[in-house]
Amino acid sequence: MAVNLTDLSLPQLEGLKGQLDQEVEFLTSSISQLKIAQNKFVEAKDSLSVLNPNNKGKELLVPLTSSMYVPGTLNDVEHVLVDVGTGYYVEKNVENSKAFFKRKIDFLTKQIEKIQPALQEKHAMKQAVIEVMNLKIQQLQQSQQASQMVGNTKA
């Protein structure tokens, strides 16, 4: 059931605008979180390029935390442990790992593409509500000015 925005009162329009603001904020936040996750998978996939036979035996820094590292040596350039979620790690070879990350990246891209049109629709609805609110405010101001004019001419 569609509702004509011009039939709504100003307080109803303000309530609808508030609801649309919340929905826009939620969808924007969802897209941001998906993009952060997507970037992590892209970064992980790109990091696999270091694992080639030329780098076997080379020294590197192994992160213990985001700001603390220990020296290490790259011994296995053919296998990695991949975090598949909820604390589970699976040993995979480099090619399977790249394929895994590509699937994750593609999945997140599709999710973002699904949310984007809904976000644009909510933005458009919000703009329409704002335009109707502005129109109603103008009409209200004009009617107040007209009633003041009538009041002044009677005095």
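The name an unreviewed UniProt entry gives the protein chain is Prefoldin subunit 5, with Xiphophorus maculatus as the organism. Looking at the Sequence similarities (unreviewed entry) heading of the UniProt record, one finds this comment for the protein chain: "Belongs to the prefoldin subunit alpha family."

Asks: Is there a simple way to explain the nonpolar core in this structure?
Replies: For soluble globular proteins, nonpolar side chains are generally found buried alongside one another. Judged by nonpolar contacts, the single largest core of 19 residues is most densely connected at Leu48, Leu51 and Phe101. The set of elements that each furnish at least two residues to this core consists of α1 (10–47), β3 (79–85) and α2 (94–154). Ranked by residue count, the leading element in this core is α2, at eight residues. If we skip the residues at most four places from it in the chain, Leu51 touches Leu74, Asp76, Val77, Val80 and Val94. Judged by nonpolar contacts, the second largest core, of six residues, contains Leu8, Leu13, Val132 and Met133.

Asks: How should the side chain of Ser97 be read in this particular structure?
Replies: With respect to the helices and strands, Ser97 occurs in helix α2. A polar side-chain atom of Ser97 sits 2.9 Å from the main-chain carbonyl oxygen of Asn93. Setting aside chain neighbours within four positions, we find Ser97 in contact with Leu48, Val80, Val82 and Lys92.

What counts as what
- Residues numbered from 1 in each chain as written.
- Predicted model: local features only at pLDDT ≥ 70, side-chain atom pairs only at ≥ 80, totals over all residues.
- Heavy atoms only, no water.
- UniProt positions renumbered as here; feature names shortened; annotations may be inferred.
- Core = buried A, V, L, I, M, F, W, Y, C linked by side-chain atoms within 4.5 Å.
- Buried < 20%, exposed > 50% of the residue type's maximum accessible area, 1.4 Å probe, protein only.
- Helix = DSSP H or I, 4+ residues; strand = E, 2+ residues; numbered from the N terminus.
- Contact = heavy atoms within 4.5 Å.
- Polar contact = N/O pair within 3.5 Å; in protein donor to acceptor, adjacent residues only side chain to side chain.

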